[in-house]
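# Summary of structural features
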Amino acid sequence: KRTATRAASSNQQRRGVPMDASVSQEVQDLQEQLMATNREYQTVKANMTRSQREQAISKVTMSEMDKLPADSASKLYRPIGKMFQLSSRADVMTHLDETVEAQSKAESDLTQKLEYLERRMKSQQQNIQELTTAPSSTE
């Protein structure tokens, strides 16, 4: 994306249409905004992947716990930070349900943010393209 903008800018200069300083500065500002938006997009995408992974882990744990008999004498431990706490089956299942719901909501929110950032990046790219291909108005 960055090289495409530079290529468009250099193509315009090769055609004999010089970019004035204000347009050049505006293009540079838009490129910086685009790079920041792209970084934010990548961060949100990573958070979404993490949320999906945590949700899947909780669902697998719940399905494995469902296989155990309800009156089983198995000891169940719930993770709390870096330690594990002995908990009742109901507490562990409640915690897993809450985790799945929270991750599902987080995934929904992150999906909306991804869509917004995609629209924003597309708009910024179009603005850069318009600035680099528009004829100079300093005639």
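Residues numbered from 1 in each chain as written. Predicted model: local features only at pLDDT ≥ 70, side-chain atom pairs only at ≥ 80, totals over all residues. Heavy atoms only, no water.

### Let's talk about the overall build of the protein chain
Helix and strand counts for the protein chain stand at three helices and two strands. When the helices and strands of the protein chain are listed from N to C terminus, the series reads α-α-β-β-α. When each of the 139 residues of the protein chain is scored for burial, the buried share is 25%. For the protein chain, restricting intrachain contacts to residue pairs at least 6 apart in sequence, the fraction spanning at least 24 positions comes to 74%. For the protein chain, the accessible surface area stands at approximately 9,700 Å², while carbon and sulfur atoms represent 51% of it. (Helix = DSSP H or I, 4+ residues; strand = E, 2+ residues; numbered from the N terminus. Buried < 20%, exposed > 50% of the residue type's maximum accessible area, 1.4 Å probe, protein only. Contact = heavy atoms within 4.5 Å. Areas by Shrake-Rupley, 256 points an atom, 1.4 Å probe, with all protein chains shown as cover.)

### Overview of the pairing of strand β2 (residues 83–87)
Pairing between strand β1 (residues 76–80) and β2: five bridges, direction antiparallel. In the sheet register, Y77 faces β2, and the bridge partner there is L86. Counted along the chain from β1 to the antiparallel partner β2, the turn is two residues long, and its residue G81 has a positive phi close to 65°. (Pairing = 2+ DSSP bridges.)

### What to know about the confidence of the model for the protein chain
Across the protein chain, the average pLDDT comes to 84, with 82% of residues at or above 70. Across residues 1–5, confidence stays below pLDDT 50; counting only partners more than four residues off in sequence or on other chains, it has ten contacts. When the criterion is pLDDT under 50, residues 7–16 qualifies, and its contacts beyond four places in sequence or with other chains add up to ten contacts. (pLDDT = per-residue confidence, 0-100.)

### Notes on the side chain of S51
For S51, the location among the structural elements is in helix α2 (residues 21–67). A relative accessible area of 3% places S51 in the buried class. S51 has contacts with Q103, A106 and E107, leaving out every residue within four places of it along the chain.

### Describing the pattern of salt bridges
Counted under the stated rule, the structure contains four salt bridges. When the shortest N-O distance is used, the salt bridge between E40 and K113 registers 3.4 Å. In this pair, E40 sits in helix α2 while K113 sits in helix α3 (residues 89–133), placing the two residues 73 residues apart along the sequence. For K113, a relative accessible area of 37% gives the class partly exposed. The salt bridge involving E54 is made with R50; its shortest N-O contact spans 3.8 Å. Of this pair, E54 and R50 both sit in helix α2, four residues apart, roughly one helical turn. Take R50: its relative accessible area is 43%, and that puts it in the partly exposed class. (Salt bridge = Lys/Arg side-chain N within 4 Å of Asp/Glu carboxyl O.)

### Some details on a nonpolar patch on the surface
A cluster of nonpolar residues, Y77, F84 and L86, forms a patch on the protein surface that exposes about 360 Å² of accessible area. Positionally, F84 belongs in strand β2. For F84, a relative accessible area of 60% puts it in the exposed group. (Patch = residues over 30% accessible without salt bridge, like charges linked within 9 Å, V, L, I, M, F, W, Y side chains within 5 Å.)

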